[in-house]
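Analysis of the macromolecular model
Chain by chain, the residues run as shown.
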Amino acid sequence: MNRRIALRHLALISGGLALIPSCDFSNDDILEAYENLRITPSQKQLLGEISNTIIPAGELKGALDLEVPDFILVMVNDCLQKEDQELFTQGLAAFPAYAKESGGGKFEKLDTKEKEDLIQQGLIREEEKNKALSYFLNTTKRLTMQGYMASEYIQTDVIPYSLIPGTYNGAVLISDIQKPRING
């Protein structure tokens, strides 16, 4: 055996062994897209279930179809203060235990009515121990509605947004359309 080849193999093996402790092979990795939040994929999926319960799909697309959970996490990551971000993540982490305690099982396995009741009960709880949970649910509800109404689908297909409040028609007299406003 050539000594150079043996030293090269030894260097490759020792370099690989040095990198193994830094590898994390756990199933529930932290999502790196949100630098200020420590959110796992399972928590993001739970957030999607909650937002889809708030605005479900029907005749119109639901919150999950419009990727509202991503909007919620971006808004919490970028726009909330550090204390509020921590309160949000604590509430998100505490929600599965709350769902099991109050709803009798995993949130994903409950039927629609039970999910709605569970969220309504969580919204009105203002006790000190449930402060994080209540903050999480209220913030999620507010950002779900904001993200849904600001989505491209709603703004273009459902309620078309018009930058100018109508087309200009110079041949129509004002008196035919409306009474003149004297105060501006």
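Residues numbered from 1 in each chain as written. Predicted model: local features only at pLDDT ≥ 70, side-chain atom pairs only at ≥ 80, totals over all residues. Heavy atoms only, no water.

Once that is clear, we can look at the environment of Leu92. The residue Leu92 is located in helix H4 (residues 82-103) in this model. Among the residues examined, Leu92 registers a relative accessible area of 1% and is labelled buried. Sequence separation of Leu92 and Tyr135 is 43 residues, and the distance between their C-alpha atoms is 9.6 Å. Once residues within four sequence positions are removed from consideration, Leu92 is found in contact with Ile39, Gln43, Leu46 and Phe136. (Helix = DSSP H or I, 4+ residues; strand = E, 2+ residues; numbered from the N terminus. Buried < 20%, exposed > 50% of the residue type's maximum accessible area, 1.4 Å probe, protein only. Contact = heavy atoms within 4.5 Å.)

With that settled, consider helix H2 (residues 41-54). Since there are 3.6 residues in each turn of an α-helix, residues three or four apart along the chain are aligned in direction. The end-to-end C-alpha separation of H2 is 20 Å, in line with the 20 Å expected for 14 residues at 1.5 Å each. All of the buried residues in H2 are Gln43, Leu46, Leu47, Gly48, Ile50, Ser51 and Thr53. In this structure, the buried residues of H2 make contact with helix H3 (68-79), H4, helix H5 (112-124) and helix H6 (131-149). (Expected span 1.5 Å × (residues − 1).)

Scanning all chains against the criterion turns up four aromatic pairs. Between the aromatic rings of Phe88 and Phe136, the centroid separation amounts to 5.1 Å while the plane-to-plane angle is 65 degrees, which identifies the pairing as edge-to-face. Of this pair, Phe88 sits in helix H4 while Phe136 sits in helix H6, and the two are 48 residues apart along the sequence. Comparing Phe88 with Phe136 shows no difference in burial state: the two are buried. (Phe/Tyr/Trp six-rings, centres within 6.5 Å; stacked < 30°, edge-to-face > 60°.)

Here the focus is the packing of H2 against H6. Running from amino to carboxyl end, H2 crosses H6 at an angle of 60 degrees, the nearest separation of the two axes being 10 Å. Handedness of the crossing formed by H2 with H6: right-handed. Two secondary-structure elements touch here, H2 through Leu47, Ile50, Ser51 and Ile54 and H6 through Phe136, Leu137, Thr140, Lys141 and Thr144. Among the residues making up the contact of H2 with H6, the classes are represented as five nonpolar, three polar and one charged. (Axes fitted to C-alpha atoms, helices over the stretch in contact; angles between N-to-C directions. Left-handed = near helix turned anticlockwise from the far one by under 90°. Nonpolar A, V, L, I, M, F, W, Y, C, P; charged D, E, K, R; others polar.)

The next thing to look at is H5. The first and last C-alpha atoms of H5 sit 19 Å apart over 13 residues, in line with the 18 Å expected at 1.5 Å per residue. Lys115, Leu118, Ile119, Gly122 and Leu123 are the residues of H5 that are buried. Summarising the axial view, the buried residues of H5 lie within an arc of 135 degrees, below the 170-degree limit, and thus occupy one face. Away from its buried face, by an angle of more than 90 degrees, H5 presents the exposed residues Lys113 and Ile124. Tucked inside the fold, the buried residues of H5 contact H2, H4 and H6. (Arc of directions from axis to C-beta.)

Topologically, Glu67 is positioned in the loop between H2 and H3. Judged by relative accessible area, Glu67 falls into the exposed class, the value being 53%. The spacing of Glu67 and Tyr148 is 81 residues in sequence and 8.8 Å in space, taken between C-alpha atoms.

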